[in-house]
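# A look at the structure
Read off the chains here:
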Amino acid sequence: MAHLFLFGCFALLGAAASLAARAGYRGQVCDRFAGYEVPAAVRSDPALRKRADDLVAFWCTGAAVLGFAPLVPLGSVLLSGGGASVSTWGLVALAAYALVVVTVGGYPFEKIKQLADSAAR
């Protein structure tokens with residue numbers, strides 16, 4: 001049962017990062033309705049808009065790849081019948097790995113805030 005839960009969590013992480021990367025590739029990060037909430041200084045400057053789209057596309061693609069990677073071993077355990085159990089250290093390692101995935105996916109949004117601060121100077 002733990003394998004199924006972990007599979008679902010990493011599938012959701014990968015899907016969320018994929019959707020964010022899609023917005024970056026389409027140039028919709030600064031769009032109020034289709035994208036994300038970004039500072040007005042970034043929305044108004046075309047160069048900063050392009051930089052924000054590129055940041056989200058690159059980093060969220062990386063987060064999606066990292067999020068989908070554990071699905072291979074977890075899926076193979078699920079398909080083999082799921083007889084194996086996850087140790088406590090395995091759960092700790094997967095939680096730390098999930099934290100890395102979330103950090104990589106959140107990095108461009110923090111960087112966009114810094115872009116706005118540098119544009120205001």
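The structure displayed is predicted, hence computed values, not measured ones. (Residues numbered from 1 in each chain as written. Predicted model: local features only at pLDDT ≥ 70, side-chain atom pairs only at ≥ 80, totals over all residues. Heavy atoms only, no water.)

### What about the overall build of the protein chain?
Scanning the protein chain for helices and strands turns up five helices and zero strands. Ordering the α and β elements of the protein chain from the N terminus gives α-α-α-α-α. Computed over the C-alpha atoms, the radius of gyration of the protein chain is 17 Å, more than 25% above the 14 Å expected from 2.2 N^0.38 for a compact globule of 121 residues. Each principal axis of the C-alpha distribution contributes one length, and for the protein chain these read about 55 × 25 × 20 Å. For the protein chain, the share of sequence-separated contacts (at least 6 apart) that also reach a separation of at least 24 residues comes to 79%. (Helix = DSSP H or I, 4+ residues; strand = E, 2+ residues; numbered from the N terminus. Rg over C-alpha atoms; globule rule 2.2 N^0.38 Å. Contact = heavy atoms within 4.5 Å.)

### Section: the nonpolar core
In this structure, Val29, Val42, Ala52 and Ile112 are the most contacted members of the largest nonpolar core, which totals 14 residues. Sorting the residues of this core by element identifies α1 (2-25), α3 (46-68) and α5 (88-120) as the ones contributing at least two each. Residue contributions to this core peak at five residues, all from α3. Non-local contacts of Ala52, meaning those with residues more than four positions away in its chain, are made with Val29, Cys30, Val42, Ile112 and Leu115. (Core = buried A, V, L, I, M, F, W, Y, C linked by side-chain atoms within 4.5 Å. Buried < 20%, exposed > 50% of the residue type's maximum accessible area, 1.4 Å probe, protein only.)

### Digging into the packing of aromatic side chains
Taken as a whole, this structure holds four aromatic pairs when the rule is applied. Aromatic ring contacts, followed pair by pair, group Phe58, Trp59 and Tyr107 into a single cluster. (Phe/Tyr/Trp six-rings, centres within 6.5 Å; stacked < 30°, edge-to-face > 60°.)

### A few points about the pattern of salt bridges
The tally for this structure, following the rule as stated, stands at two salt bridges. Where Lys50 meets Asp54, a salt bridge forms, and the shortest distance between an N and an O atom there is 3.0 Å. With Lys50 and Asp54 both in helix α3 and four residues apart, the pair spans about one turn of that helix. Across the salt bridge formed by Lys113 and Glu110, the nearest N and O atoms sit 3.4 Å from each other. Residue Lys113 and its partner Glu110 are both found in helix α5; the two are separated by three residues, about one turn of the helix. Taking relative accessible area as the criterion, Glu110 reaches 46% and is therefore assigned partly exposed. (Salt bridge = Lys/Arg side-chain N within 4 Å of Asp/Glu carboxyl O.)

### So, a nonpolar patch on the surface
Together, Met1, Leu4 and Leu78 line one region of the surface with nonpolar side chains, adding up to about 340 Å² of accessible area. Inspection of the secondary structure puts Met1 in the segment before α1. (Patch = residues over 30% accessible without salt bridge, like charges linked within 9 Å, V, L, I, M, F, W, Y side chains within 5 Å. Areas by Shrake-Rupley, 256 points an atom, 1.4 Å probe, with all protein chains shown as cover.)

### Quick notes on the environment of Ala23
Within the secondary structure, Ala23 sits in helix α1. Given a relative accessible area of 6%, Ala23 falls into the buried group. Apart from residues lying up to four places away in sequence, Ala23 is in contact with Gln28, Val29 and Tyr36.

### Concerning α1
Taking 1.5 Å per residue, 24 residues should reach 34 Å; α1 reaches 34 Å between its end C-alpha atoms and fits that length. For α1, every residue scored as buried is listed here: His3, Leu6, Phe10, Gly14, Ala17, Ala20, Ala21, Ala23 and Gly24. Following α1 by one or two positions, Gly27 adopts a phi angle in the positive range, close to 75°. (Expected span 1.5 Å × (residues − 1).)

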